[in-house]
Amino acid sequence: MLNKVSNQTVDQRNTWCLFLAWLIAVAATFAALFIGEILGQPPCNLCWFQRVFMFPLAIILGIAVFRLDPAIKLYALPLAGFGMAVAGFHTLLYFGLIEEAIVPCARNGPSCSGDAMTIMGGMPLPLISLLCFTAIAGLLTLCRPGVFR
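Nothing here was measured: the structure is a model prediction, and the numbers come from that model. (Residues numbered from 1 in each chain as written. Predicted model: local features only at pLDDT ≥ 70, side-chain atom pairs only at ≥ 80, totals over all residues. Heavy atoms only, no water.)

Colleague: Could you clarify how one ought to interpret the overall build of the protein chain in this entry?
Modeller: Within the protein chain one finds 4 helices and 2 strands. Counting helices and strands in the order they occur from the N terminus, the protein chain gives α-α-α-β-β-α. Relative to its full complement of 149 residues, the protein chain shows a buried share of 40%. The contacts of the protein chain with a sequence gap of at least 6 include a subset with a gap of at least 24, amounting to 75%. (Helix = DSSP H or I, 4+ residues; strand = E, 2+ residues; numbered from the N terminus. Buried < 20%, exposed > 50% of the residue type's maximum accessible area, 1.4 Å probe, protein only. Contact = heavy atoms within 4.5 Å.)

Colleague: Sorry, what's going on with helix H4 (residues 125-141) here?
Modeller: In an α-helix, one turn spans 3.6 residues, which is why side chains three or four residues apart end up on the same side. Over its 17 residues, H4 runs 24 Å from end to end, which matches the ideal 24 Å to within 8%, given 1.5 Å per residue. Listing the buried residues of H4 in full gives Leu125, Pro126, Ile128, Ser129, Cys132, Phe133, Ile136, Ala137, Leu139 and Leu140. Summarising the axial view, the buried residues of H4 lie within an arc of 170 degrees, below the 170-degree limit, and thus occupy one face. (Expected span 1.5 Å × (residues − 1). Arc of directions from axis to C-beta.)

Colleague: How do you make sense of the nonpolar core when you look at a structure like this?
Modeller: The nonpolar side chains of a soluble globular protein tend to be buried with one another. In terms of nonpolar packing, the biggest core is built from 33 residues, with Met54, Leu57, Leu61 and Ile136 touching the most fellow members. Listed by contribution, the elements that provide at least two residues to this core are helix H1 (2-38), helix H2 (45-67), helix H3 (73-94) and H4. Setting aside chain neighbours within four positions, we find Met54 in contact with Ala25, Ala28, Thr29, Cys132, Phe133 and Ile136. (Core = buried A, V, L, I, M, F, W, Y, C linked by side-chain atoms within 4.5 Å.)

Colleague: How should the packing of H3 against H4 be read in this particular structure?
Modeller: Pairs of packed helices are described in terms of their axes, by the angle between the two and the distance that separates them. Running from amino to carboxyl end, H3 crosses H4 at an angle of 155 degrees, the nearest separation of the two axes being 8 Å. The angle between H3 and H4 falls in the class roughly antiparallel. Seen along the crossing, H3 lies across H4 with a hand that is left-handed. Contacts between H3 and H4 involve Lys73, Ala76, Leu77, Leu79, Ala80, Gly83, Met84, Ala87, Gly88, His90, Thr91 and Tyr94 from the former and Pro126, Leu127, Ser129, Leu130, Phe133, Thr134, Ile136, Ala137, Leu140 and Thr141 from the latter. Its residues assigned to classes, the contact of H3 with H4 comprises 14 nonpolar, 7 polar and 1 charged. (Axes fitted to C-alpha atoms, helices over the stretch in contact; angles between N-to-C directions. Parallel < 35°, antiparallel > 145°, perpendicular 65-115°, else oblique. Left-handed = near helix turned anticlockwise from the far one by under 90°. Nonpolar A, V, L, I, M, F, W, Y, C, P; charged D, E, K, R; others polar.)

Colleague: How should a nonpolar patch on the surface be read in this particular structure?
Modeller: The grouping of Trp16, Leu20 and Leu23 at the surface amounts to a nonpolar patch, some 300 Å² of accessible area in total. Among the structural elements, Leu23 can be located in helix H1. (Patch = residues over 30% accessible without salt bridge, like charges linked within 9 Å, V, L, I, M, F, W, Y side chains within 5 Å. Areas by Shrake-Rupley, 256 points an atom, 1.4 Å probe, with all protein chains shown as cover. Salt bridge = Lys/Arg side-chain N within 4 Å of Asp/Glu carboxyl O.)

Colleague: Any chance you could explain the UniProt feature "transmembrane region" (unreviewed entry) in the protein chain here in plain terms?
Modeller: Residues given the UniProt feature "transmembrane region" (unreviewed entry) here are residues 16-36, 48-68, 75-97 and 117-143. With 100% helix and 0% strand, residues 16-36 has end C-alpha atoms that lie 30 Å from one another. Taken end to end, residues 48-68 is 95% helix and 0% strand, and its first and last C-alpha atoms sit 30 Å apart. (UniProt positions renumbered as here; feature names shortened; annotations may be inferred.)

Colleague: Please clarify how the packing of aromatic side chains should be interpreted in this entry.
Modeller: Here a ring pair, both rings aromatic, is described through the centre-centre distance and the interplanar angle of the planes. Taken as a whole and assessed by the stated rule, the structure comprises 4 aromatic pairs. Both rings, one in Phe19 and one in Trp22, keep their centres 5.9 Å apart while their planes meet at 45 degrees; by these two values the pair is tilted. Within this pair, Phe19 and its partner Trp22 are both found in helix H1, separated by 3 residues, close to a single helical turn. Relative accessible area serves as the criterion here: at 26%, Trp22 is assigned to the partly exposed category. (Phe/Tyr/Trp six-rings, centres within 6.5 Å; stacked < 30°, edge-to-face > 60°.)

Colleague: Honestly, the packing of H2 against H3 in this entry has me stumped. Any pointers?
Modeller: It is the contact of H2 with H3, at a shortest axis distance of 9 Å, that shows an interaxial angle of 150 degrees. Classified by the angle their axes make, H2 and H3 are roughly antiparallel. Viewed along their axes, H2 and H3 form a crossing whose handedness is left-handed. From H2, Leu46, Cys47, Phe49, Gln50, Phe53, Pro56, Leu57, Ile60 and Leu61 reach across to H3, where they touch Tyr75, Ala76, Leu79, Ala80, Phe82, Gly83, Val86, Ala87, Phe89, His90 and Leu93.

This is the structure:
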């Protein structure tokens, strides 16, 4: 009986962790599309790379929530990890903590560290992206594979 109760608790935790990770990925995806397509702010090169890692997360985490499949973390954690690395680099670049050894933005394109890279009263987009990837990775590490049903 104790094992059944604990499995139900783990099932609920897995469900919530997957669902919250998916919500974060969907919100980040829609926010990126809104900023780029509705507000007309073109993404810099580093933003494009972050999108490459975030957009698939919205899809595969949605499938994992529908199927109640915590094993998705084997596929989703690398995407979140690489996204965190790019967003971390972008955040350090934005705050001027590292030099631009490579030019991540086109000469005629948007700046990686300008005022256009902030929303909600000065919150830097690279930092928001880093927080989203970190939250998704953290939630995925809380999932226990093979516990559902």
